[in-house]
Amino acid sequence: MLLGIYLLLLSPVLVSAGLEEYDEPFILQFINRSQTLDLSSKCKQSLALVYDYLNDIETLTDQKICYFESFATGPNDLFLSRDQDRWVYKGYECLLSAGETVYSKSEHPMHYCYTHDDDKDKRVPAFSVCIPSPCADENQKLLEEWRRITHPEATEPITFTACTRSRHEKQWFELPIPIADFGFNMGLAMLVVMATIFHNMRGEDAKTWSARILLAFSAKTNFKKLIALPKDPQSCITCLLGLRFGSMVWTLIGHSFIFVQAYMENVEEFKVSMVDNFFNQWITNFTLSVDVFLTLGGTVLSYSWFRKWLKNTSEEEPTWTSWGYWLRFYRHRVVRLYPAYLYTLLAVTLRISVTHFHPMWPPTDPAIQCPKYWWQNVLFVNSIMDNQCMPWTWYIGTEFIYYLLSPIFLLSLRKAPKVGFILCFVVIMLSAGLNVESIVRNNFPPTQFLWKQPEIFNPNFIQHHLELYIKPQYRIGPYLIGILLGYQLARYQRIPVKPQQSNRYIITMWSIALFGIFFGLYGLYPALQGWDSIAWRAYHLLYGALHRDVFSIGVAFLIYICHTGIGGPVNVFLSSNFFLPLANLSFSAYLFHMIPVVLTYMLVPFPIYFNTQIPLFIHCFVQLVITYFFAIICTMVSELPALNIERLLLASPQKTTLKPIPPTDSELQLKTSEKA
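Counting restarts for each chain, with residues numbered from 1 along the sequence as it is written. Totals for whole chains, interfaces and linings use all residues, but because this is a predicted model, local features are given only for residues with pLDDT of at least 70 and pairs of side-chain atoms are given and counted only at 80 or more. Neither water nor hydrogens contribute to the side-chain values; these are computed over all heavy atoms in the structure.

Per an unreviewed UniProt entry, the chain is named Acyltransferase 3 domain-containing protein, and its organism is Caenorhabditis remanei.

**A word on the overall build of the chain**
Counting its secondary structure elements, the chain contains 29 helices and six strands. Since a compact globule built from 676 residues should have a radius of gyration of about 26 Å, the 28 Å found for the chain is in line with a globular shape. With the principal axes as the frame, the chain shows a C-alpha extent of 90 × 70 × 45 Å. Residue exposure (1.4 Å probe, protein chains only): buried if accessible area is under 20% of the type maximum, exposed if over 50%, otherwise partly exposed. A burial count over the chain gives 54% of its 676 residues as buried. Partitioning the contacts of the chain with sequence separation of at least 6, the portion at a separation of at least 24 is 77%. For accessible areas, the Shrake-Rupley method is used with a probe of radius 1.4 Å. Any residue's cover is judged against the shown protein chains and nothing else. Accessible area of the chain: about 30,400 Å², with a carbon and sulfur share of 65%. When charges are tallied, Lys and Arg are placed among the positive residues and Asp and Glu among the negative ones, while His and the ends of the chain are skipped. Think of each charge as sitting on NZ of Lys, CZ of Arg, CG of Asp or CD of Glu. Positive and negative charge centroids in the chain, built from 53 and 53 side chains respectively, lie 16 Å apart. Numbering of helices and strands starts at the N terminus; helices are DSSP runs of H or I of at least 4 residues and strands are runs of E of at least 2. Radius of gyration means the value over C-alpha atoms here, while the globule rule gives 2.2 Å times the residue count to the 0.38 power. The contact criterion used throughout is that any non-hydrogen atoms of two residues lie within 4.5 Å.

**A word on the state of the cysteines**
Note on terminology: a disulfide is the covalent bond linking the sulfur atoms of two cysteines. Note on disulfides: each one is a pair of cysteine sulfur atoms within 2.5 Å. Applying the stated criterion to the full structure yields four disulfides. With its sulfur 1.9 Å from that of its partner, Cys43 forms a disulfide with Cys135. One quick way to see it: the torsion about the S-S bond of Cys43 and Cys135 is about 105 degrees, and its sign makes the bridge right-handed. One end of the pair, Cys43, is in helix H3 (residues 41–48); the other, Cys135, is in the loop between strand E5 (125–132) and helix H7 (139–150), with 92 residues separating them in the sequence. Across the disulfide, Cys113 is cross-linked to Cys163 (sulfur-sulfur distance 2.0 Å). On the sign convention where negative means left-handed, the S-S torsion of about 110 degrees between Cys113 and Cys163 marks this disulfide as right-handed. Of this pair, Cys113 sits in strand E4 (residues 110–115) while Cys163 sits in strand E6 (residues 162–165), and the two are 50 residues apart along the sequence. For Cys113, a relative accessible area of 0% corresponds to the buried category. The connectivity of the disulfide bonds within the chain can be written as 1-5, 2-4, 3-6, 7-8, using the sequence rank of each bonded cysteine. Cys130 supplies the cysteine sulfur nearest to Cys66, a cysteine that is in no disulfide, at a spacing of 9.6 Å. With relative accessibility at 7%, the residue Cys66 sits in the buried group.

**What to know about the packing of helix H10 (residues 219–227) against helix H28 (residues 614–649)**
Only C-alpha atoms enter the line fits that serve as axes; for helices the fit covers just the stretch in contact. Angles between N-to-C directions range over 0 to 180 degrees. The interhelical angle for the contact between H10 and H28, taken along N-to-C directions, is 90 degrees, at an axis separation of 10 Å. Classified by the interaxial angle, the pair formed by H10 and H28 is roughly perpendicular. Counted together, Ala219, Asn222, Phe223, Lys225 and Leu226 of H10 and Thr635, Met636, Leu640, Pro641, Asn644 and Arg647 of H28 form the full contact between these two elements. Classifying every residue of the contact of H10 with H28 gives six nonpolar, three polar and two charged. An angle below 35 degrees is treated as roughly parallel, one above 145 as roughly antiparallel, one from 65 to 115 as roughly perpendicular, and anything else as oblique. Residue polarity follows a fixed list, in which Ala, Val, Leu, Ile, Met, Phe, Trp, Tyr, Cys and Pro are nonpolar, Asp, Glu, Lys and Arg are charged, and the others, Gly among them, are polar.

**Notes on the pattern of salt bridges**
When a carboxyl oxygen of Asp or Glu is within 4 Å of a side-chain nitrogen of Lys or Arg, the pair counts as a salt bridge. Scanning all chains against the criterion turns up 16 salt bridges. Three or more residues joined by partner-sharing salt bridges are found here, namely Arg33, Glu145 and Arg148.

**Quick look at the domain arrangement of the chain**
As far as domains go, the chain holds domain 1 (22–166) and domain 2 (228–648). Domains are outlined according to an automatic or database domain assignment. Look at where the C-alpha atoms of domain 1 and domain 2 centre, and you get two points 39 Å apart. Counting residues at the interface gives 25 residues for domain 1, matched by 25 residues for domain 2. At the boundary of domain 1 with domain 2, total buried surface from both sides reaches about 2,200 Å², with 65% on carbon and sulfur atoms. Linking Lys271 and Asp85 is a salt bridge whose minimum nitrogen-to-oxygen distance equals 3.3 Å. Any N or O atom pair separated by 3.5 Å or less is treated as a polar contact, with the protein-specific requirement of one donor-capable and one acceptor-capable atom, and with residues adjacent in sequence counted only for side-chain atom pairs. Counting every contact that joins domain 1 to domain 2 gives four residue pairs in polar contact (both at pLDDT 80 or more). Counting residues per element, the ones that place at least two in the side of domain 1 that touches domain 2 are helix H6 (85–97), E4 and E6. Here the quantity called buried area is the accessible surface, traced with a 1.4 Å probe, that two parts lose on coming together, added over both.

**Some remarks on unusual backbone geometry**
The amide bond that connects Phe606 to the next residue, Pro607, takes the cis arrangement and shows omega of -5 degrees. The residue Pro607 is located in the loop between helix H27 (594–603) and H28 in this model. Despite not being glycine, Asn387 shows a phi value in the positive range, around 55 degrees. Looking at the element boundaries, Asn387 is found in the loop between helix H16 (366–378) and helix H17 (394–415). Of the residues examined, Asn387 reaches a relative accessible area of 3% and is grouped as buried.

**Considering helix H2 (residues 24–34)**
When we look at burial in H2, the residues that qualify are Phe26, Ile27, Leu28, Phe30, Ile31 and Ser34. Looking at where H2 begins, the residue whose side-chain oxygen comes 3.2 Å from the main-chain nitrogen of Phe26 is Asp23.

**What about the confidence of the model for the chain?**
In predicted models, pLDDT denotes the confidence assigned by the predictor to each residue on a 0 to 100 scale. In the predicted model, the chain carries a mean pLDDT of 87, and the fraction of residues at 70 or more is 91%. Every residue in residues 1–12 scores below 50 in pLDDT, and together they form 18 contacts with partners more than four places removed in sequence or on other chains. Within the model, pLDDT remains below 50 along residues 655–676, and this stretch shows 45 contacts once partners closer than five positions in the same chain are excluded.

**Looking at the environment of Ala589**
Counting through the fold element by element, Ala589 comes out in helix H26 (residues 586–592). When sequence neighbours within four positions are dropped, the list of residues in contact with Ala589 reads Met248, Thr627, Tyr628 and Ala631.

See below:
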């Protein structure tokens, strides 16, 4: 004990983002002491070679520096905060010290091992060490020794350890499961090629069911669907095309600017530059992009549903007990989501996440987490549980839950519009109230702080993410706003002669839209700066409860403005046919986008040094191109073929008879955008 305290007092300690780093002599003393522990002979031999390896003429200076910098201790709660990126950074330093490359295997592989306990007091330290791979199975003994000489006052038994290796034991092309997945993908690609050739040779006049099923995979057919507007122009709210693609780009940029922190050396400068610049909030508050998706989802569902039943039709309207109709209603949603979702889940879990020569960070590695938690994604319950497999897909599970509940609001609005509006308003307010209760009880910030966390708020980022941020009951407001918007747009569509709007009306509508968007996007600044007084505390609470709803109202007014013919050049831009295929690919792009976000940062030289945002935006552009390349593949081999097959096998016969209706503003929008 006295020796441990003596070594601690003698060792120079550097503090970096809350982590304590130790100098080279102190770490070498730890390695020498470790050789006296009850370890295997192979582990002891590899520890004895560490000094010679690091000082070998063939070992780069950066490798040696990274090795010693990877040893650290720090507050336990940093594993729960946004600053956990510093632990990930230490891990990559350890992996870099091994000297692995894509094309050559190191003779001195390393394991980065760490221990922390989520349930302990935040003052209890966490520890990390970089050890030779032959010692990986005995990492707990080495972590206990590291703790003994750095924090001898910590006496609780270590109950959890985890490691990540500098190189996969076997590369993906040496393993049967990734090879099988690769073969499955090649089979799907060949099926698409065969279907396209068959389509070119025989045309679309297929007489047998097998031929029709084959044609469902034709790239010629499906590519036309990607770039073609609906046959019925009234069924399309054209400004949603640009909004959907823009939200996808916004989401990718936000995630890219988050994940680069784990690879960045001067991360504190980066965080300060992001948080202190008022206009950077379009990035630091990018999680509002999900609320755009939720608003669009509710709008499209409601508009298409009400548009059908507001027409003159002989088909019997669904009621609360129309079980067959509602089963078909849900079946179509599952067919819409499952093919691309399961295809991505399999590809990311079985092959893509293991294609790099070394693993990802274990807590977020799909190859580790998805074999345990895949069923949560398949059942769309990941957002109400721990959300550990492909964490970015929490939104899909949350929106599916809203879809399950949507008939309550659709039928209420259809049968008694006033009751429906009151019901939607009450649920939105209840959701806002739940936000207030959770924020007050846990001292959460108004939203997820992904760069820097003011001290006035609870720093437990993971708790905030799991208990509030992804839970359906806290996020339903924007979806219901979308449902109300779709109802209003469908009613507007039925007006034979549209009224001429006054300038006051147009200015008022634009003012509401811009205020809602601006407040939602930039109203976070006082919380980012940690302004603390009774008045500001009240403001933080109000913003946390309502900012997503206010932002969604602003987006809803923007959509209404564009669709009703007073959007001007904004509507022309958002309705451009250029956005049509990109918007149609957005679901598959969302599923895949996190893979290139991480991939590009793993492939460039480590570490990244921040000077300006320009190199990061270049990364974002490359990531976006890769994302849409994967999205095209996913859409062509799974999403569109499944919808084609559903139409062939499961679609019920059409019974609707409609009276002709006059041209509408929707048609005028399409003509305007085509001319533009």
